[in-house]
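Letter by letter, the chains look like this.
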Amino acid sequence: MTINGLHHVAYRCRDAKETTEFYKKYMDLDLTIAVAENEVPSTGEWSPHVHIFLEMGDGSFLAFFELPESPEMQMDANTPDWVQHLALKVADMETLERYKKRLVDGGIDVVGPADHKICQSIYFFDPNGHRMELAVDTTSPEMARELGRRAKPMLEEWSKTKRAPDVDEFMHGNVRG
């Protein structure tokens, strides 16, 4: 058996129409499915909601739920805001810079591009407070092989120490202390 890819990732939104307009204006995502129900299909519980699906270039979806009868949404206060985010792939640096300009011109604060060696990324928040990342993959085949070789030993080291290795010349080209 194999997982074939992402069908959709779902987040909560404050206002489905505002969210749809934001993602269309700034990220070129089209609303292709909207399902409104009063009961949750999987549990049968009463919870009026709309579930919107914004289609991405590969046919997968970024989806949101608006839940007007639920308490106001909150982010996890114990998790730094840079941790929970959704990273979406763009084709190249030119595309990344075009999106950054569009966001900045629209009054959206943007961080980056940040060079993570495996990708270059920009970060911003959507109108619901969700942190978004647009990323250009910069991983070479050689780097992918080396990262794959190092993944399990790195995780084992992390599991024992809960610290990054002191020397990570491969990713950063320097010694960290």
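Right above here is the structure, for reference.
Residues numbered from 1 in each chain as written. Predicted model: local features only at pLDDT ≥ 70, side-chain atom pairs only at ≥ 80, totals over all residues. Heavy atoms only, no water.

The step from G112 to P113 runs through a cis peptide bond, and the omega angle for that step is 15 degrees. Summarising the element assignment, P113 is placed in strand β6 (residues 111-115). The phi dihedral of D28 falls on the positive side, at around 60 degrees, and the residue is not glycine. Assignment of secondary structure puts D28 in the loop between α1 (16-27) and β2 (30-39). Notably, K162 is not glycine yet its phi reads approximately 55 degrees, a positive angle. Considering the arrangement of structural elements, one finds K162 in the loop between α3 (141-161) and α4 (169-172). On the basis of relative accessibility, which here comes to 46%, the residue K162 falls in the partly exposed class. (Helix = DSSP H or I, 4+ residues; strand = E, 2+ residues; numbered from the N terminus. Buried < 20%, exposed > 50% of the residue type's maximum accessible area, 1.4 Å probe, protein only.)

Turning to the sheet that holds β2, a few remarks are in order. Spatial ordering of the open sheet is given by β1-β4-β3-β2, a layout of four strands whose pairing is mixed. At either end of the open sheet lies a strand with only one pairing partner, and these are β1 (8-13) and β2. Here the strands of the sheet are splayed against their neighbours by 20 degrees on average, with no regard to which way each runs. Pairing between β1 and strand β4 (residues 61-66): six bridges, direction parallel. Bridge pairing in β4 links H8 to F61. Contacts from α1 reach β1, β2, β3 (46-55) and β4 within the one sheet, and its direction differs from that of β3 by about 10 degrees. (Pairing = 2+ DSSP bridges. Axes fitted to C-alpha atoms, helices over the stretch in contact; angles between N-to-C directions. Contact = heavy atoms within 4.5 Å.)

The next subject is the side chain of S121. Structurally, the position occupied by S121 is in strand β7 (residues 119-125). Within the structure, S121 has its side chain in polar contact with the side chain of E133 (distance 2.5 Å). (Polar contact = N/O pair within 3.5 Å; in protein donor to acceptor, adjacent residues only side chain to side chain.)

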